[in-house]
Amino acid sequence: MEPERRKVIVREIEYWRKNRLLPEQYCDFLHNLYAEHSSAGPKNRGFAAIVRESKGKTWLIAAGIIAIISFSFINFNAFPIVLQIVLAGIPVIGLSIRGSMLLRRHPVPANVLIGLSSFVTLLAGEYIVRELDRNPPWDAALYIAACGLLWVALGIACGSVLWHVSGWMALNVYYACVVYAVFSPASVWEAELFWLPFVLLFGWVGHAAAGKNKSVGGVFSLSALIYLAMPEIYGFAVLGSSAAVQIMAAVKLAVVFFLLFISRKKWTGWISRHD
């Protein structure tokens, strides 16, 4: 049979499978029969078909894994600290490794896994820090800074924008804690002085790096924009929604949107390369 005719038949069989016009086993048989010498390779079966053909052993393993995870989560605070670290570290390492492996070929699921690993790292670590109960506020802040340094390193090493940005944001949170605890700015104008140097630094690095490494340049430019909003976030959180905070936020929002508009060809091109 001619290859083109085989392709047409294979596509028709896949249509029958998708719309359940024939039983699954008949579709598999016909697909194997006509697609043996066809360049149109078999397509992935749907989730429902995989579940229907699953074995009892698979269900037992899945139930056992869910039971272990549930038992560990419910009794997490009853375990010793060392065991808590181990239980939290296993999924973090697994998700991080799998996410970094998929990053080049499948960026969306990879970033989901990386995001989950970061979330578990932060949540479990903060819980364990509070369990130790030595100096909770500063220990928690230092742990966030440690996570930030780790994520920046992983983002640069693996080429993960999500890790890289998350790292700078975590370090930004730690810096905000230091500013509040040590200096306690009394107005949004004072708070501007603490973040403006970082806005200029990150903006300059982002612009300088854009020509050589657009990914790194985009990360620093995005971080600069977030740092630009930090004085207003600090103002809303600590000082309240005063008129000065609202005016400054409105002015910055207008400036940022204007800059995004005139540079839209550059940053949309950077985003399209990371879709």
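In this text, all values refer to a predicted model and were calculated from it rather than measured experimentally.

Peer 1: Before we go on, may I ask you to explain the environment of I247 in this structure?
Peer 2: Take I247: it is sitting in helix α11 (residues 243–262). Separated by 15 residues in the primary sequence, I247 and E232 place their C-alpha atoms 9.7 Å from one another.

Peer 1: What's the story with the pattern of salt bridges in this structure? I'm lost.
Peer 2: Side chains bearing opposite charge may pair, as long as their charged atoms lie close to each other. A full pass over the atoms with the stated rule returns two salt bridges. A salt bridge links K252 to E192; the nearest nitrogen and oxygen atoms lie 2.8 Å apart. One end of the pair, K252, is in helix α11; the other, E192, is in helix α9 (residues 188–210), with 60 residues separating them in the sequence. Where K252 meets E232, a salt bridge forms, and the shortest distance between an N and an O atom there is 2.9 Å. Placement of the pair is K252 in helix α11 and E232 in helix α10 (residues 214–239), with a sequence separation of 20 residues. Residue class for K252 comes out buried when judged on its relative accessible area of 13%. Judged by its relative accessible area of 5%, E232 falls in the buried class.

Peer 1: How should the layout of surface pockets be read in this particular structure?
Peer 2: One simple way to see leftover space: roll a probe sized like a water molecule over the atoms. Space inside the second largest pocket adds up to approximately 550 Å³. Taken together, 16 residues make up the lining of the second largest pocket; nearest its centre are F73, F76, L87, A88 and V120. Elements with a minimum of two residues in the lining of the second largest pocket: α4 (56–74), α5 (81–102) and α6 (107–132). By residue class, the composition of the lining of the second largest pocket is 15 nonpolar, one polar and no charged.

Peer 1: What am I meant to see in the packing of aromatic side chains here?
Peer 2: One pair of aromatic rings is described through two measures. These are the centre distance and the angle between the planes. Taken as a whole, this structure holds nine aromatic pairs when the rule is applied. Note on Y175 and F198: the rings are 4.9 Å apart at their centroids and 65° apart in plane angle, and the pair reads as edge-to-face. Of this pair, Y175 sits in helix α8 (residues 161–183) while F198 is found in helix α9, placing the two residues 23 residues apart along the sequence. Taken together through their ring pairs, the aromatic side chains of W168, Y175, W195, F198, F202, F220, Y227 and Y234 make up a single cluster.

Peer 1: Sorry if this is basic, but what is going on with the nonpolar core here?
Peer 2: If you look at the biggest cluster of nonpolar residues, it comprises 19 residues, and the most contacted ones within it are W168, W195, F202 and Y227. Where this core is concerned, the elements lending two or more residues are α7 (136–158), α8, α9 and α10. Considering each element in turn, this core owes the most residues, seven residues, to α8. Contacts of W168, omitting those with residues within four sequence positions, involve V152, F202, V219, F220, S223 and Y227. Of all hydrophobic cores here, the second largest spans 10 residues; its members include L113, I114, C147 and A170.

Peer 1: Would you explain the side chain of T121 in this entry?
Peer 2: Relative to the helices and strands, T121 is located in helix α6. For T121, a relative accessible area of 14% corresponds to the buried category. Residue contacts for T121: discarding those within four places in its chain leaves V92, Y143, C147 and W151.

Peer 1: In this structure, what is going on with the environment of V120? I would like to understand it.
Peer 2: Note that V120 resides in helix α6. C-alpha of V120 to C-alpha of V92: the two residues are 28 residues apart in sequence and 6.5 Å apart in space. In this structure V120 touches A88, V92 and G125, once residues within four positions along its chain are discounted.

Parameters at a glance
Residue indices begin from 1 for each chain and proceed along its sequence in written order. Residues qualify for local features only when their pLDDT is at least 70, as the model is predicted, and side-chain atom pairs are given and counted only at 80 or more; totals for whole chains, interfaces and linings, by contrast, use all residues. By convention in this description, side-chain values take in all heavy atoms of the structure and omit both hydrogens and water. Helix and strand definitions here come from DSSP, where helices need a minimum of 4 consecutive H or I residues and strands a minimum of 2 consecutive E residues; each element is numbered from the N-terminal end. The term salt bridge refers to a pairing of a side-chain nitrogen on Lys or Arg with a carboxyl oxygen on Asp or Glu at a separation within 4 Å. A simple rule labels every residue: compare its accessible area, found with a 1.4 Å probe on the protein chains alone, to the largest value its type can have, and call it buried under 20%, exposed over 50%, or partly exposed in between. The way it works is a 1 Å grid over only the protein atoms, where trapped points that fit a 1.4 Å probe form a cavity and open points with protein on both sides within 12 Å along at least five of seven lines form a pocket, and then any residue with an atom within 4 Å of a point lines it. Grid points are joined across faces, edges and corners, and a volume is the space filled by probe spheres set on the points. When residues are grouped by polarity, Ala, Val, Leu, Ile, Met, Phe, Trp, Tyr, Cys and Pro land in nonpolar, Asp, Glu, Lys and Arg in charged, and all others, Gly among them, in polar. Working definition: rings of Phe, Tyr and Trp (its six-membered ring) pair if their centres are within 6.5 Å, and the pair is stacked with planes under 30 degrees apart, edge-to-face with planes over 60 apart, and tilted otherwise. Nonpolar core, defined: a set of buried Ala, Val, Leu, Ile, Met, Phe, Trp, Tyr and Cys residues in which side-chain atoms within 4.5 Å join the residues together. Whether two residues touch is decided by their heavy atoms; if any such pair falls within 4.5 Å, the residues are in contact.

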